[in-house]
Amino acid sequence: MADVASAAGVSLSTVSRALSGRGDLPGETRSRIQLVARDLGYQRAATPRGRPSTSDPRMIELVLGVFDDPWTDEVVSGARSAAARLGYDLVLTAERDDPADDWPTRAAARKSGGVILGLIRPTQTQLARLRDFNIPVVLLDPRSGSHRELESVGTTDEAGGHDAGAHLADLGFVRFMVVVGDPPFRFGRAREAGFRAAVLERVPGAEIRTVRASWTDADLAAALRPVLRQTPLPIGVFACNDAMAAGVYRAAATLGLRIPQDLSVIGFDDTPLAASLAPPLTTVRQPIREMAARSVEFIRELRSGAARPGERIELPTKLIVRGSTCAAVRP
């Protein structure tokens, strides 16, 4: 620690606060000290590397890349309720695009009872740091399938997409559009696959147009125009999340199209946004709060040895029919 203090030009107490994650320090100072410590190969001596931490301070870390959007609001609410019920404190930790922001080190310093990673793909270095301190990790709705050895909680994405496709086909649609997210995350690919399978089962040879968009509610008018020039109305539309479905609503207003008569729209998530749209959005409900709560329970099971290594838990989706879909009426 003295070597780190000397190289960084600060006091020992400042180094201690920076590396423990405690106390008020300017962000630049904390980052500089963490980089120096990493370059010098410093390891905290409170719990030596490789020695499991035997303490359980009844604390669980929920690590998210963003906060204050409909999905993360539901996640925080579900995790907080479950943590309180099980006697844990919940720590909210932001993952930042900053190489000096080493949240696993802070989790290890706090000797957390477990870490839940929401929509985050951890690096091998981050996972190794948590394993060194015997801190269990649960992936909540992982974006890729690259960490199959880790425990995870998700939902039946493909089945949900299948239900959306079946609903539109059963309403009599013969022309379809699927709005897929970019980047093409694991759950988005699964939802699209289920949707396409259901449509083609019921309407063999059906025309399914693809529109690529960010995972936000941006106006999709520019992306929809070329599709609409080539595809007669009405069209059954499936968006791979509620935010993109809201983008379809904006595009419809821009282009003078009616929902549900011209475009019958289905989303995915059933966040509060869905019911607030006009007309209210038909969507596939994934039980986000329940998924977060199950992740907290999973941490407890991992600590007690009751969970199977690499176990994947999937909670079921449910189609929620509202006013954004109706029977297809063709000219």
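Note that the coordinates shown come from a computational prediction; the quantities given were computed from them, not determined experimentally.

S.K.: For this particular structure, what's the right way to read the environment of valine 75?
M.R.: Mapped onto the secondary structure, valine 75 falls in helix α4 (residues 70-86). The class for valine 75 is buried, based on a relative accessible area of 0%. The spacing of valine 75 and isoleucine 288 is 213 residues in sequence and 6.0 Å in space, taken between C-alpha atoms. Residues contacting valine 75, with those up to four places away along its chain left out, are Leu62, Leu140, Ile288 and Ala292.

S.K.: What exactly am I supposed to notice about the packing of helix α7 (residues 157-170) against helix α8 (residues 186-202) here?
M.R.: For the pair α7 and α8, interaxial distance at closest approach is 6 Å and the crossing angle is 35 degrees. When you trace α7 past α8, the crossing you get is right-handed. Note on element contacts: α8 touches α7 through Arg186, Phe187, Ala190, Arg191, Ala193, Gly194, Phe195, Ala197, Ala198, Val199, Glu201 and Arg202, opposite Asp157, Glu158, Gly161, His162, Ala164, Gly165, Ala166, Leu168, Ala169 and Asp170. Across the contact of α7 with α8, the residue classes break down as 11 nonpolar, 4 polar and 7 charged.

S.K.: Got a minute to help me understand the side chain of glutamate 74 in this structure?
M.R.: In this fold, glutamate 74 is placed in helix α4. When its relative accessible area of 15% is taken as the criterion, glutamate 74 is described as buried.

S.K.: Please explain unusual backbone geometry as it appears in this structure.
M.R.: Working note: non-glycine residues mostly have negative phi, and peptide bonds are mostly trans. Note that the residue after leucine 233, namely proline 234, is joined by a cis bond; omega there is 0 degrees. If you trace the backbone, proline 234 turns up in the loop between α9 (221-230) and β8 (235-239). Looking along the chain, the bond that leaves isoleucine 259 and enters proline 260 is cis, with omega of 15 degrees. One can find proline 260 in the loop between α10 (242-255) and β9 (263-269). One non-glycine residue, aspartate 269, adopts positive backbone phi at about 135 degrees. Following the sequence through the fold, aspartate 269 ends up in strand β9.

S.K.: What exactly am I supposed to notice about the nonpolar core here?
M.R.: For soluble globular proteins, the rule of thumb is that nonpolar side chains tend to be buried together. Phe176, Val179, Phe195, Leu263 and Val265 are the most contacted members of the largest nonpolar core, which totals 46 residues. The set of elements that each furnish at least two residues to this core consists of α7, β6 (175-181), α8, β7 (207-213), α9, β8, α10 and β9. Counting residues per element, this core draws most heavily on α10, at 7 residues. Leu64, Val75, Ala82 and Ile299 belong to the second-largest nonpolar core, a separate cluster that totals 25 residues.

S.K.: Looking at this structure, I do not really get the pairing of strand β3 (residues 114-118). What am I missing?
M.R.: Within a regular strand, side chains alternate between the sheet's two faces. Of all 5 residues in β3, 5 are buried, a share of seventy percent or more. Of the two faces of β3, the one holding Gly114, Ile116 and Gly118 and the one holding Val115 and Leu117 are both buried throughout. Relative to β3, strand β1 (residues 59-64) runs parallel, the two being bridged by 5 bridges. The residue bridging glutamate 61 from the neighbouring strand is valine 115, located in β3.

S.K.: Please clarify how the environment of isoleucine 116 should be interpreted in this entry.
M.R.: Checked against the element boundaries, isoleucine 116 lands in strand β3. Considered as a pair, isoleucine 116 and serine 152 are 36 residues apart in the sequence and their alpha carbons are 9.1 Å apart. Those residues within four positions of isoleucine 116 in sequence are excluded, and the remaining contacts are Ile60, Glu61, Leu62, Val63, Val138, Leu140, Ser295, Val296 and Ile299.

What counts as what
- Residues numbered from 1 in each chain as written.
- Predicted model: local features only at pLDDT ≥ 70, side-chain atom pairs only at ≥ 80, totals over all residues.
- Heavy atoms only, no water.
- Helix = DSSP H or I, 4+ residues; strand = E, 2+ residues; numbered from the N terminus.
- Buried < 20%, exposed > 50% of the residue type's maximum accessible area, 1.4 Å probe, protein only.
- Contact = heavy atoms within 4.5 Å.
- Axes fitted to C-alpha atoms, helices over the stretch in contact; angles between N-to-C directions.
- Left-handed = near helix turned anticlockwise from the far one by under 90°.
- Nonpolar A, V, L, I, M, F, W, Y, C, P; charged D, E, K, R; others polar.
- Core = buried A, V, L, I, M, F, W, Y, C linked by side-chain atoms within 4.5 Å.
- Pairing = 2+ DSSP bridges.

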